[in-house]
Amino acid sequence: MNAHEYYAYLSAAREQLWNFLRALPAEELGRDLMPEGDRFHNIKDLLLHIADVEDHWVHTIARGDGWTVTDSMRTTG
C-alpha cells in the first residue's frame, strides 16, 4: 500500500470513527473502561493517543521533519 492509498484509508476510517463518537453521550467518552494502572482508561485517552501517533507519523516520518529511531540510538562522544 502506498502512502496516498494509506492516507485515503485513514481519512475514511477517521470519518467513520468520528460519526460513531458523535452519537455517544459525553459521559460515555470519559467513563473508565480499563483497570487502574493501564495507560488508556477511557475512550478519550485512546483518541488522544491516536491523534498523537498520526501527528508523529505525518510530521516526523512521512515529511522527514524530525528524528528517526536510528538518530535516537546514536551516542555522542
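Once a new chain begins, its residue numbering starts again from 1 and follows that chain's sequence as written. pLDDT decides what is reported in this predicted model: residues at 70 or higher carry local features, side-chain atom pairs at 80 or more are listed and counted, and totals for whole chains, interfaces and linings draw on all residues regardless. Note: side-chain values were computed over all heavy atoms of the structure, leaving out hydrogens and water.

**Some points on the overall build of the protein**
The number of helices and strands found in the protein is four helices and zero strands. In the protein, the order of α-helices and β-strands from amino to carboxyl end is α-α-α-α. A buried classification covers 8% of the 77 residues belonging to the protein. Relative to all contacts within the protein whose residues are 6 or more apart in sequence, the contacts with residues 24 or more apart total 13%. Each accessible area is a Shrake-Rupley result for a 1.4 Å probe, and residues are judged covered by the shown protein chains and nothing else. Summed over all atoms, the accessible surface of the protein reaches about 6,500 Å², with 58% contributed by carbon and sulfur. For helices the rule is a DSSP run of H or I covering at least 4 residues; for strands it is a run of E covering at least 2, with both sets numbered from the N terminus onward. Buried, partly exposed and exposed residues are distinguished by accessible area as a fraction of the type maximum, computed with a 1.4 Å probe on protein chains only: under 20%, between the cut-offs, and over 50%, respectively. What makes two residues a contact is simply this: any of their non-hydrogen atoms within 4.5 Å.

**Quick notes on the confidence of the model for the protein**
pLDDT expresses how confident the predictor is about each individual residue, on a scale running from 0 to 100. For the protein, the mean per-residue pLDDT works out to 76, and 73% of the residues sit at or above 70. Ranking the elements of the protein by mean pLDDT puts helix H4 (residues 69–73) last, at 52, and helix H2 (residues 26–30) first, at 88.

**Describing a nonpolar patch on the surface**
Taken together, the side chains of Leu17, Phe20, Leu46 and Ile50 make up a nonpolar region of the molecular surface, amounting to roughly 330 Å² of accessible area. Of all the secondary structure elements, the ones that give two or more residues to the nonpolar patch are helix H1 (3–22) and helix H3 (43–62). Along the chain, Phe20 turns up in helix H1. Assessed through its relative accessible area of 53%, Phe20 is described here as exposed. The patch calculation keeps residues exceeding 30% relative accessible area without a salt bridge and links them within 9 Å when they carry like charges or within 5 Å when they are nonpolar (Val, Leu, Ile, Met, Phe, Trp, Tyr). The salt bridge definition used is simple: a Lys or Arg side-chain nitrogen within 4 Å of an Asp or Glu carboxyl oxygen.

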